[in-house]
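So you can see what is in the structure, the chains are spelled out below.
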Amino acid sequence: YMRGTVTAFSPFDARADAEALRKAMKGMGTDEETVLKILTSRNNAQRQEIAAAFKTLFGRDLVDDLKSELTGKFETLMVSLMRPTYIFDAYALKHAIKGAGTNEKVLTEILASRTPAEVRNIKQVYLQEYEANLEDKITGETSGYFQRLLVVLLQANRDPDGRVDDGLVEQDAQVLFRAGELKWGTDEEKFITILGTRSVSHLRRVFDKYMTISGFQIEETIDRETSGDLEKLLLAVVKCIRSVPAYFAETLYYSMKGAGTDDDTLIRVMVSRSEIDLLDIRQEFRKNFAKSLHQMIQKDTSGDYRKALLLLCGGDDE
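These figures come from a predicted structure and were not determined experimentally.

**As for the layout of surface pockets**
- Taken as a whole, the largest pocket encloses approximately 570 Å³ of empty space.
- Together, 32 residues line the largest pocket, and S113, R114, T115, V200 and V244 are the ones closest to its centre.
- Among the secondary structure elements, those contributing two or more residues to the lining of the largest pocket are helix 7 (104-113), helix 8 (116-130), helix 10 (144-155), helix 13 (200-214), helix 15 (228-242) and helix 16 (244-256).
- Counted by class, the lining of the largest pocket contains 16 nonpolar, six polar and 10 charged residues.

Written as structure tokens, this is what we have:
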């Protein structure tokens, strides 16, 4: 059951698409419109077939050609669309922890939002593609409770959803209350263990019970009792437990709100969710921010980059 805006194009002809792309990039100047129309309206599996046909017909690498013919954010978006789905997250994590400085935002977004099955897959792909252990790489670049929660999430051992036990819900809510609001200082470990390992349906009930006991939303307590990267990661985990599409709607909103745009985040989320739940993200966006995702992209971006993003967005929600 997919709620993406991008689906398999039909009737699909990989060779015809490869020929159209070659023509669009051959000779003087590039026909960007053709490039963006084809790449945003084919799903990732079809884009991989186009790349294979491109190499077969012309002996050229499609991604290399896109890199040499396009520039800026538009180039980044088109190249991101060409990245095979299975490697997308592993690639993003690899680049978040390479070289000087770690991009905690990327670690937080991916590890808070992916399912245990997706996380297991990311670890496997990371090992195959980069011949390195993702957990070792992440622990080498992070520290403190932030690192510990990342490690818990990387274990991908969250309890599966099942029957929820009211007694355990009450118990976890009380433990969190005592570890946060009632304590001088915070027992971060309790937050990490409970938020990182309990099932989604159990935690949703815990959050309701917590509100009843304390008079606060769990987010308010995390905001007050923790700070820095740990706070951001705990909040992301809580938001994803409540609703992954709502979390991504908010992520997109803040990537564009105010002065300047965080294009890396905008591109990463639009591309990675386009075949999964972008329709649900659009719905949450409209509900929570009094404007549509389409309208905000329209206002905040320009040129071919904007055209391509709007096509990925796939419609306005008036």
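**Concerning the pattern of salt bridges**
- The full count for this structure, using the stated rule, is 21 salt bridges.
- Put simply, D263 and K73 hold a salt bridge, and the shortest N to O gap is 3.9 Å. Placement of the pair is D263 in helix 17 (residues 263-273) and K73 in helix 5 (residues 72-82), with a sequence separation of 190 residues.
- E219 serves as the salt-bridge partner of R242, at 2.7 Å between the closest nitrogen and oxygen. Separated by 23 residues along the polypeptide, R242 in helix 15 and E219 in helix 14 (residues 218-225) bring together distant segments of the chain.
- Overlapping salt bridges, with partners in common, bring together E33, K37, D304 and K307 in one network.

**With respect to the nonpolar core**
- Core analysis: the largest hydrophobic core is formed by 99 residues, its most contacted members being M78 and M270.
- Ranked by residue count, the leading element in this core is helix 15, at nine residues.
- Ignoring any residue separated from it by four or fewer positions in sequence, one finds M78 in contact with V35, L36, L39, T40, L66, L70 and A308.

**Focus on unusual backbone geometry**
- Looking along the chain, the bond that leaves S10 and enters P11 is cis, with omega of 0 degrees.
- The residue P11 is located in the segment before helix 1 (14-25) in this model.
- Although it is not a glycine, E131 sits at a positive phi angle of roughly 50 degrees.
- Note that E131 resides in the loop between helix 8 and helix 9 (134-141).

Rules used throughout
- Residues numbered from 1 in each chain as written.
- Predicted model: local features only at pLDDT ≥ 70, side-chain atom pairs only at ≥ 80, totals over all residues.
- Heavy atoms only, no water.
- 1 Å grid on protein atoms, 1.4 Å probe; cavity = no way out; pocket = protein on both sides within 12 Å on 5 of 7 lines; lining within 4 Å.
- Points joined across faces, edges and corners; volume = space filled by probe spheres on them.
- Helix = DSSP H or I, 4+ residues; strand = E, 2+ residues; numbered from the N terminus.
- Nonpolar A, V, L, I, M, F, W, Y, C, P; charged D, E, K, R; others polar.
- Salt bridge = Lys/Arg side-chain N within 4 Å of Asp/Glu carboxyl O.
- Core = buried A, V, L, I, M, F, W, Y, C linked by side-chain atoms within 4.5 Å.
- Buried < 20%, exposed > 50% of the residue type's maximum accessible area, 1.4 Å probe, protein only.
- Contact = heavy atoms within 4.5 Å.

These figures come from the coordinates and say nothing about function on their own.
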